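# Inside the fold
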Amino acid sequence: MSDVWYLALAYGVIWLGLFAYLFRLAGRAEALRRDVALLKGMLQGEYVEAERAQVGAMTAAAAASGEAGGKP
Amino acid sequence: MSRYRLAVFAQPAAGRVLFVRRAGLLVLAVVLLLAALVEALVIAPTEAEMGDLQRIFYFHVASAWAAFLAFFVVFLASVAYLRTRAVLWDVFAASAAETGVVFVSMALVSGSIWARSTWGTWWTWDPRLTTTLLLWLIYVSYLVMRGMVEEGQRRATFAAVFGIVGFVDAPIAFMSIRWWRTMHPTVLTGGGFNMEPAMLPALFLSLAAFSFILLYLLLLRAGLERSQQEVTELRRHISWMDERGSWP
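Here is a short report on the structure shown in this document. None of these values were measured; they are calculated from a predicted model.

Here we take up the environment of Val165 of chain B. As for its placement among the helices and strands, Val165 of chain B is situated in helix α6 (residues 152–166). A sequence separation of 92 residues divides Val165 of chain B from Val73 of chain B, and the C-alpha atoms of the two residues are 13 Å apart.

The next point concerns the packing of aromatic side chains. What describes a pair of aromatic rings is the distance from one ring centre to the other and the angle between the planes of the rings. Residue and element names in this part refer to chain B. Considering all chains together, one arrives at 16 aromatic pairs over all chains under this definition. Summarising the aromatic geometry, the rings of Phe72 and Phe167 are spaced 5.7 Å apart at their centres and angled 40 degrees between planes, so their arrangement reads as tilted. Here Phe72 is found in helix α3 (residues 56–84), whereas its partner Phe167 is found in the loop between α6 and α7 (169–179), with 95 residues between them in sequence. A relative accessible area of 37% places Phe72 in the partly exposed class. By relative accessible area, Phe167 is classed as buried at 15%. The interplanar angle of 50 degrees and the centroid separation of 6.3 Å between the aromatic rings of Tyr139 and Tyr142 together place this pair among those described as tilted.

The next thing to look at is α3 of chain B. Along an α-helix, residues three or four positions apart point the same way, because every turn accommodates 3.6 residues. With 29 residues, α3 of chain B extends 42 Å from end C-alpha to end C-alpha; this agrees with the ideal 42 Å at 1.5 Å per step. The first or second residue beyond α3 of chain B is Arg85 of chain B, which carries a positive phi of 60 degrees.

Taken together, the contacts link 29 residues of chain A with 46 residues of chain B. Together chain A and chain B conceal approximately 3,500 Å² of surface at their shared face, both sides included; 83% is due to carbon and sulfur atoms. Three residues, Tyr11, Tyr21 and Leu43 of chain A, lead the burial of chain A against chain B; their summed loss comes to 19% of the area buried on that side. Where chain A meets chain B, there are 3 salt bridges. At the boundary of chain A and chain B, one finds 4 residue pairs in polar contact (both at pLDDT 80 or more).

Residue and element names in this part refer to chain B. Taken N-terminus to C-terminus, the directions of helix α4 (residues 87–118) and helix α8 (residues 200–244) make an angle of 130 degrees; their axes are 8 Å apart at the nearest point. The angle between α4 and α8 falls in the class oblique. Classified by chirality, the crossing of α8 by α4 is right-handed. Side by side, α4 and α8 meet where Val87, Asp90, Val91, Phe92, Ala94, Ser95, Ala96, Glu98, Thr99, Phe103 and Met106 of the first sit next to Phe210, Ile213, Leu214, Leu217, Leu218, Leu219, Arg221, Ala222, Glu225, Arg226 and Gln229 of the second.

Summed over the entire model, instances satisfying the criterion amount to 9 salt bridges over all chains. Across the salt bridge formed by Asp35 of chain A and Arg235 of chain B, the nearest N and O atoms sit 2.8 Å from each other. Of this pair, Asp35 of chain A sits in helix α1 (residues 3–68) while Arg235 of chain B sits in helix α8, on two different chains. Using a relative accessible area of 41% as the deciding quantity, one classes Arg235 of chain B as partly exposed. Here Asp90 of chain B and Arg146 of chain B are joined by a salt bridge, their closest N and O atoms 2.9 Å apart. Pair noted here: Asp90 of chain B is in helix α4 and Arg146 of chain B is in helix α5 (residues 127–148), with a separation of 56 residues, a long-range link. A residue is classified by how much of its surface remains accessible, and Asp90 of chain B, at 4% relative accessible area, is buried. Arg146 of chain B sits in the buried class, given a relative accessible area of 8%.

Rules and cut-offs
Residues numbered from 1 in each chain as written. Chains lettered and ligands numbered in written order. Predicted model: local features only at pLDDT ≥ 70, side-chain atom pairs only at ≥ 80, totals over all residues. Heavy atoms only, no water. Helix = DSSP H or I, 4+ residues; strand = E, 2+ residues; numbered from the N terminus. Phe/Tyr/Trp six-rings, centres within 6.5 Å; stacked < 30°, edge-to-face > 60°. Buried < 20%, exposed > 50% of the residue type's maximum accessible area, 1.4 Å probe, protein only. Expected span 1.5 Å × (residues − 1). Contact = heavy atoms within 4.5 Å. Buried area = accessible area lost by both parts, 1.4 Å probe. Salt bridge = Lys/Arg side-chain N within 4 Å of Asp/Glu carboxyl O. Polar contact = N/O pair within 3.5 Å; in protein donor to acceptor, adjacent residues only side chain to side chain. Axes fitted to C-alpha atoms, helices over the stretch in contact; angles between N-to-C directions. Parallel < 35°, antiparallel > 145°, perpendicular 65-115°, else oblique. Left-handed = near helix turned anticlockwise from the far one by under 90°.

On their own, these measurements won't tell you what the molecule is for.
Here's what the structure looks like:
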């Protein structure tokens with residue numbers, strides 16, 4: 001193999017290494033974005049549901065205390 | 001719940017600023033890298049003995065430099081973690097270790113190609129090569145160890161101790177060409193740079209370019225590590241809610 005071939009091989013390995021690592025990081029960032037969106041959806045859904053349940057419980061408690069107080 | 005909302009959902013504005021800064025850093029690194037490439041392959045004079053093969057030197061040394069810098073960051077961040085117990089330092093140490101392994105791999109492979117063309121062998125157990133391979137093994141083990149310990153604080157503490165002890169090999173690898181008989185060329189001597197002054201701009205440009213690439217990759221990787229830790233926390237929170245049956 002000629003000197004130029006070795007030179008091209010060495011520079012090629014370094015550039016390939018850099019780009020491969022960059023693409024790997026980009027892929028991981030994308031996967032994490034998907035994970036965060038999924039978990040965010042789950043927890044936000046849980047939050048809304050919990051609030052709804054709390055309001056429901058408060059309404060029921062208010063109604064019960066109203067009945068106990070003898071209101072019509 | 002509010003803690004998680006703050007940690008994960010309230011970041012877009014800060015994230016955008018960080019993204020713009022990182023993009024600027026990437027542009028600067030790529031411009032420097034292209035300038036270094038032109039300087040190394042076109043402008044720098046051809047070496048008398050090795051000819052064009054010597055041009056491998058510029059990016060080979062720059063890769064090794066970036067690796068040593070990264071491992072120094074691991075060392076500093078590990079010390080800072082043990083002193084403060086702040087997760088941020090653990091994130092930086094993990095990111096720098098991974099980035100350092102990438103750079104030291106590139107230095108080893110490009111060095112091996114250079115060795116094949118000048119010494120006639122892909123590998124020899126020369127002190128510089130051996131201590132650098134040992135450095136690679138230490139930080140690969142560091143990353144494997146991080147993957148094996150699940151609990152966050154224990155993992156960070158083990159990793160910090162590993163990061164400090166493992167760095168002992170870095171100065172040995174650097175000084176090996178002075179301490180032992182070696183075939184590896186010695187560029188930096190007590191009297192300065194052992195090379196033609198006309199070759200120095202290519203070397204310094206390559207070192208600067210790789211330093212900025214390292215900084216960019218480090219910030220990018222640290223952002224991912226932080227997000228990964230948040231995702232792990234969220235998953236733990238959700239599985240805890242599953243176990244308690246506290247979903248509405």
